Amino acid sequence: MKHRLESASQLTHLHGEPRACYRRWRETLQADEALLLVDFAFNAYWLEQADPLQLTAIYCVRGDELALAVTDHTLVADELAPRQQYIRWVRRHRLFNYITGSPISLASQSIAKPWGEEIWYTAVEHRGVCNFGGEAGVVPIPWLQAALPDNLAGTPGEPLVLLKILAPTALPILGDLYFELHETKREAYVVIHIDPQAWPDGIGYIRYGFDPQQRAAYDSDEAFRAAYLAAVLAYRSQRRKLDSLAEQGEEGSAHEHEAECTLRQQMERFTLLLPLRVGDIVPVPQLFPHALQHGVRTVEFQTPSYERKIISFAQKVLTQDDWDTREAVAEMLLEPPPTPLPSVPPVPDNVAIEGVVDFPDFDVVRVRIRPGTSWTFETGASYRLLMVLSGTLALSDALYGPEQAVLLPHSWSGLLAAPEAPSALVFLLAKPRS
């Protein structure tokens, strides 16, 4: 990357792995204020055969404070002191200015879905990359991870625990998610809203495994699987017929739509609809079929892998050519295994902690802090992801409201405070297992 830096004083310009360059530079640094630029090639590990990106990490030291920004812009130096020059670049290029060791806001990103939308906070994949930062500036999560000393926000090249919100439309069928299972990832849902348009009594649903009474009607689990598979394949045939007609601009006859409805009901009678209220927790282990229903909004933490096997769907699938019914039915769990809860540490009287899930790759707890009080918290050896559910979180001179999220870097300690408000502060706190 070509920069114009001839006029800059107290500025070092290096090329190579940014964290290693910073470490060597800092070991010999004698000035109280100084600036380091490191040009490096960044590999977008989530894309196949992508050309390396040419990035620059900007490290600004002033006393014990280290500020960091990462950019793909060409930088032009002015006749300024190091800190002033750093601030000039941040403002000129709208860069995310990170004071290392402090909490990092997670910028949300809306992704349209056939059934509604997902709101991403930490995703890094071919469909999109989430950012750290906010209105003043953002940076792709993996860019900052690549330059951060001490793996403060996770290991470079490895995605964070995946955090998102599922927001299905309130319309029946249209807002129902895929009935699917996952081979390598685990999920945990926490219900945050039930749309009264869809569910006037405040009780929504998730299709969650299979009806025990239906299973009991068969001599064996093998017979149950075979009967269920036959029902899904019969529905799939009718679904494909209607999808094909729609592609030709035809709606299909009333008889064909009645057949679709009847076959869908015959297929779905095998499954279990689990009732959900705001605040309910739904663990989704590997290989367990599930489908969130319309009008049920949830926060979701999950293993950061992007695979699924679709068993059935009451719409045309747009993300792949066909369903994975035969393979999925052969390996699916017919009932959920026990889900252990994480151990809960001692906390002061103004704080309450409830375990959500304790999976092999991450765990989640729900925390409640009484209004007008605070909790002194330490992250320890790994980062934490925090998502506010209700109330207001005061954290490092910033306020976070419902559906806002922040990463607490490893080894961080500070106050999680709940200002005086009508209701308590409630948030989810996720920790990776590394």
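This text goes with the structure placed above it.
These remarks concern the structure in this document.

About the criteria used
Residues numbered from 1 in each chain as written. Predicted model: local features only at pLDDT ≥ 70, side-chain atom pairs only at ≥ 80, totals over all residues. Heavy atoms only, no water. Phe/Tyr/Trp six-rings, centres within 6.5 Å; stacked < 30°, edge-to-face > 60°. Buried < 20%, exposed > 50% of the residue type's maximum accessible area, 1.4 Å probe, protein only. Pairing = 2+ DSSP bridges. Helix = DSSP H or I, 4+ residues; strand = E, 2+ residues; numbered from the N terminus. Axes fitted to C-alpha atoms, helices over the stretch in contact; angles between N-to-C directions. 1 Å grid on protein atoms, 1.4 Å probe; cavity = no way out; pocket = protein on both sides within 12 Å on 5 of 7 lines; lining within 4 Å. Points joined across faces, edges and corners; volume = space filled by probe spheres on them. Nonpolar A, V, L, I, M, F, W, Y, C, P; charged D, E, K, R; others polar. Core = buried A, V, L, I, M, F, W, Y, C linked by side-chain atoms within 4.5 Å. Contact = heavy atoms within 4.5 Å.

A few words now on the packing of aromatic side chains. All told, the structure shown has 18 aromatic pairs when counted by the stated rule. Considering the side-chain rings of phenylalanine 96 and tyrosine 98, the 6.2 Å spacing of their centres and the 20 degrees angle between planes classify their relative orientation as stacked. The same class applies to phenylalanine 96 and to tyrosine 98, which are both buried. Taken together, the ring pairs connect Phe179, Phe210, Tyr218, Phe224, Tyr228 and Phe270 into an aromatic cluster.

In spatial order, the strands read β12-β11-β6-β28-β25-β30-β23-β22; together these eight strands make up an open sheet with antiparallel pairing. With one partner strand each, in any of the chains shown, β12 (137–140) and β22 (351–358) form the two edges of the open sheet. Here the average twist between neighbouring strands, direction ignored, is 30 degrees. Summarising the sheet, strand β6 (residues 104–107) and strand β11 (residues 131–134) pair through two bridges and their orientation is antiparallel. Across the sheet, the residue bridging to leucine 106 is phenylalanine 132, located in β11.

Right, let's talk about empty space enclosed by the protein for a bit. Counted by the stated rule, this structure contains two cavities of 30 Å³ or more. Considering only enclosed or pocket space, the largest cavity measures out at about 140 Å³ in volume. Lining of the largest cavity is provided by 15 residues; of these, Leu177, Phe179, Arg207, Glu268 and Ser312 occupy positions nearest its centre. The dominant element in the lining of the largest cavity, judged by the number of residues it contributes, is helix α6 (residues 254–268), at three residues. Tallied by class, the residues present in the lining of the largest cavity amount to eight nonpolar, three polar and four charged.

Counting residues in hydrophobic clusters, the biggest one holds 61 residues, and the most contacted among them are Tyr59, Phe132, Leu144, Leu163, Phe301, Leu385 and Met387. If we skip the residues at most four places from it in the chain, leucine 163 touches Leu106, Ile119, Trp120, Tyr121, Thr122, Val299, Glu300, Phe301, Leu385, Met387 and Ala405.

Attention now moves to the sheet that holds strand β5 (residues 98–99). An order of β1-β2-β3-β4-β5 is seen for the five strands of this open sheet, with the pairing classed as mixed. This sheet does not close on itself; its edge strands, each paired only once, are β1 (11–15) and β5. Here seven bridges tie strand β3 (residues 53–62) to strand β4 (residues 65–71), and the two strands are oriented antiparallel to one another. By the bridge assignment, isoleucine 58 is partnered in β4 with alanine 69.

What follows deals with the pairing of β3. Taken across its 10 residues, β3 has seven buried, putting it largely inside the fold. Bridge count for strand β2 (residues 33–42) against β3 is 10 bridges, and the pairing is antiparallel. For valine 38, the partnering residue across the bridge sits in β3 and is alanine 57. Here β3 folds back onto β4, and the loop between the two strands holds two residues, one of which, glycine 63, carries a positive phi near 65 degrees.

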